[in-house]
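Understanding the architecture of this molecule
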Amino acid sequence: MAPLSSADTETATRPPRHREATLYAPLAGASARTALPESAPVGDAASLLAALREQALSSYEAAELPVWRRSGFWTTSFAPLDLAALEVHHHEPAAADGADVPLPQAAAKRLPERARAGRIVQLDGSVISVELAESASAQGVRLCSLEQAAAEGSEAFHRHYSQRLTSDRNKLEAANAALWTGGAFLHVPAGVVIEDPFEIVSVLGSAGSAQHARVLIVGDRASEFAVHEYTLAEDFEGQALHTEGFEMYLSDGARCRLAHFQDLGPGEVYDATTRVVAVGRDAFCHWLPALLGGHLVRQHLELAVTEPGGDMAFRGIFFAEDAEMFDMFAVDLHEVGPSGGDVHWRGAASGSARASMEGLIKINPGAQQSHTYLQIHTVMLSPKARIDAIPSVLVSADDVSASHGGSVGELDEDVIFYMQSRGLDRTAAVRVLVEGFFEPVLGELADEPLEGVVRAKIAEKLAAARAEIEAYAAGR
Amino acid sequence: MAELEIRDLHVRHEDLEILKGVDLSIDKGEIHALMGPNGSGKSTLANTLLGHPGYEITQGAIIFAGQDITEAEPHERAKAGLFLAFQYPVAIPGVSIANFLRMAINAKRDEPIGVKEFRGQLETAVALLDVDRSFTSRPLNDGFSGGEKKRAEILQMAMLAPDIAILDETDSGLDIDALRTVAEGVAKLHKSQGLGALIITHYQRIFHYVTPQFVHVMLDGRIVLEGGEELVERLEREGYDQIRQEHGAVV
Ligand SMILES: Nc1ncnc2c1ncn2[C@@H]1O[C@H](COP(=O)(O)OP(=O)(O)OP(=O)(O)O)[C@@H](O)[C@H]1O
Ligand SMILES: [Mg+2]
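Residues numbered from 1 in each chain as written. Chains lettered and ligands numbered in written order. Predicted model: local features only at pLDDT ≥ 70, side-chain atom pairs only at ≥ 80, totals over all residues. Heavy atoms only, no water.

**Remarks on the overall build of chain B**
- Check the secondary structure of chain B and you find 8 helices and 10 strands.
- Over its C-alpha atoms, taken along the principal directions, chain B stretches across nearly 55 × 40 × 35 Å.
- Counting only residues that meet the buried cut, chain B has 55% of its 251 residues in that class.
- Expressed as a percentage of contacts within chain B between residues at least 6 apart in sequence, the contacts between residues at least 24 apart total 68%.
- When the accessible surface of chain B is split by element, carbon and sulfur atoms take 46% of a total near 11,100 Å². (Helix = DSSP H or I, 4+ residues; strand = E, 2+ residues; numbered from the N terminus. Buried < 20%, exposed > 50% of the residue type's maximum accessible area, 1.4 Å probe, protein only. Contact = heavy atoms within 4.5 Å. Areas by Shrake-Rupley, 256 points an atom, 1.4 Å probe, with all protein chains shown as cover.)

Printed below as a string of structure tokens:
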């Protein structure tokens, strides 16, 4: 368990075997709250929110659409987005009983039939339905729009809202903080154990829509629950925007299984999302985002162990096709020790898709006895597809273990031939190979309905790439 | 016409001509042995018969079940009833033997195989190969020992019930008991299903369990000598030197 490096700050020299620093900086606990003027009235949820919105609005107005440039071929640019042409579309909410609102088509198509503890659905700018299982509400679980939580003066909202999210790092982050509507709020009280997942659904309804979604989840001491977030879009042509600020706080001994199914469809949909999960004392989070579609997807995903004994498993799946471009930054942050971590991402690209996956392990000074491992495995399904996997390790404590590994692959023709020789055609063989590739992570969802949803989407992507996968073979 | 007819087959890999005119006919129910020194082209022949894209046929033809399959896709050959037990089976991570077999069987059928029927077939094959039922839940060849890989190949063969199977050094790397199990498995399929086989090997021992009617010796991309079972004994005794001297220069 030799230390990898010893450095006081993240800018200090690192051992040469690690890549140059990532393009993106971790949030590392930064909060929009600390930038508020002393005079701002923040005594209750509503006024805190108003002050933070106002602050974010000036950042929003001052900034240009973000463009991130890395040396070489990579630029992530939101400049082509015609922001002025987009509007926040509002829809009528459900009747009071919330029962009869039909799901937006994209959600009806994706969401599995299953037992669930609750579901909140946002279409464009409006929450259109909220349902909560009797058993959950009887135990004090709160699931409602985030707007409502603020208006009601929720104590958990007041304590945690924007605790680990900033609003001035770029225009879209500021837009989200200033302009979000609807939103989802989930509070699971101390000791409450809920087996079935809560579903948080957002759908972009049409071209021209700007959706600023916001999620706050608080798991009190020793609570146990699961959250499945679905980020979807209808099938349309033209530009649309999804921004999201997602934060989850797990108190002492809380345990959560958190998964995301993200597929923003074939339209020219831009996704600028930041998600943070804070794992408290002896708490545990199993986190698995599955990023499966969007014209330009930029996601910052940060999991922080904030108290001793916190542990996590950070899994991820991505699959970019056609001309899609995904730019992902996954952070495994250890603020204190002892703490555990294990980051394992798997991604594929077909067509002329591009994907960049930066993974960062950051161990703060004094976070002794933190043990973590980061691995990123990728496979390119066409000669024009491109994936960059960039693992980095920043360690500022000496009694820790932190390392990374991974692989970059193409389709293994010998394996495909083996399967073909047993009667599978090439497309089926490739599907088996790609599904097998994702399986080590996918299987960890440990939730059959959700696994089915992710598998089906992967199969769709492969079917769409069929011609190209066959041409790739013929060209060899 | 025999079930499998190989006519004047010339095969190239990149710039290297490996097979230089191979003629060979195998009928259902026949056991053929193919022997030859390392690098003589045996595996190249086996892979080419199944349509490996890395091997280019520059001349000649492969006829199977009356159809010219020289240009056919590998999966079409498999569906037609040809099978190859690989010398070096590759791993398919994340896919269990049972699931893989179900896919392979369904690929040959219009209707997917019923759960019961499949389980019945699998149980029979598992018993034939003397493996544990749990073996079939393991990801195919992933972390398998050499012997386990070879058993898995023959297990697949038993399930897929081909007309003609090519066994590329299936006997290599097996311990004595495993060799007997595997070889007796082949013999049983030969007897019960009329399996025809081309057994590629370096050793005589597998033929204690399955008797070859025809023995072919390959040298430098050509079959230079053919005979019956007695040829195996001669090779065991003499090695290839004598044969090379007699036939090596023949064009
Ligand atoms: N994929 C390949 N790449 C490079 N060379 C190859 C390839 N396949 C075959 N060869 C060459 O062709 C020749 C025949 O190889 P092959 O594997 O067919 O021999 P073999 O008779 O099966 O040998 P062994 O008894 O060692 O298995 C060898 O010289 C080998 O190096
Ligand atoms: Mg060989």
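**Thoughts on the interface of chain B and chain A**
- Chain B puts 30 residues into the contact, and the matching count from chain A is 14 residues.
- With both sides pooled, the region where chain B packs onto chain A buries about 1,800 Å², and carbon together with sulfur makes up 71% of that total.
- Among the residues chain B hides against chain A, the three largest losses belong to His-75, Phe-86 and Val-90 of chain B. Together they make up 25% of the total.
- Viewed at the interface, chain A and chain B are joined by 1 salt bridge.
- One salt bridge connects Glu-153 of chain B with Arg-422 of chain A, and the closest N-O pair in it is separated by 2.7 Å.
- Our enumeration of links across chain B and chain A arrives at 8 residue pairs in polar contact (both at pLDDT 80 or more).
- Looking at the side of chain B that touches chain A, the elements that each hand over two or more residues are helix 2 (74-80), strand 6 (82-85), helix 3 (97-107) and helix 5 (146-160) of chain B. (Buried area = accessible area lost by both parts, 1.4 Å probe. Salt bridge = Lys/Arg side-chain N within 4 Å of Asp/Glu carboxyl O. Polar contact = N/O pair within 3.5 Å; in protein donor to acceptor, adjacent residues only side chain to side chain.)

**Looking at the environment of Leu-462 of chain A**
All names here are of chain A.
- Relative to the helices and strands, Leu-462 resides in helix 9 (residues 448-464).
- Residue class for Leu-462 comes out buried when judged on its relative accessible area of 3%.
- Between the alpha carbons of Leu-462 and Arg-116 there is a distance of 30 Å; along the sequence they are 346 residues apart.

**Describing the sheet that holds strand 1 (residues 4-13) of chain B**
Residues and elements named next belong to chain B.
- The sheet built from 4 strands is open, its strands ordered 2-1-4-5 with antiparallel pairing. Lying at the two open borders of the sheet, with one neighbouring strand each, are strand 2 (16-26) and strand 5 (67-68).
- Here strand 1 pairs with strand 4 (residues 56-64) via 7 bridges, running antiparallel. Across the sheet, residue Leu-4 finds its bridge partner in strand 4, namely Phe-64. (Pairing = 2+ DSSP bridges.)

**A word on the packing of aromatic side chains**
Residues and elements named next belong to chain A.
- All chains considered together, the criterion is met by 16 aromatic pairs over all chains.
- Ring geometry for Tyr-24 versus Trp-68: centroids 5.7 Å apart, planes at 75°, classification edge-to-face. Of this pair, Tyr-24 sits in the segment before helix 1 (45-62) while Trp-68 sits in strand 1 (residues 67-69); the two residues are 44 residues apart in sequence, bridging distant segments of the chain.
- By relative accessible area, which is 16% here, Trp-68 ends up buried.
- When the centroid spacing of 5.7 Å and the interplanar angle of 45° are considered together, the rings of Tyr-24 and Phe-329 count as tilted. Here Phe-329 lies in strand 16 (residues 325-334) and Tyr-24 lies in the segment before helix 1, a separation of 305 residues in the sequence. For the pair formed by Tyr-24 and Phe-329, the shared burial category is buried.
- Through a chain of ring-to-ring contacts, the aromatic side chains of Tyr-24, Trp-68, Phe-78, Tyr-270 and Phe-329 assemble into a single cluster.
- The ring of Tyr-60 carries the charged tip of Lys-171 above its face, separated from the ring centre by 4.3 Å. (Phe/Tyr/Trp six-rings, centres within 6.5 Å; stacked < 30°, edge-to-face > 60°. Lys NZ or Arg CZ within 6 Å of the ring centre and 35° of its normal.)

Geometry only, nothing functional implied.
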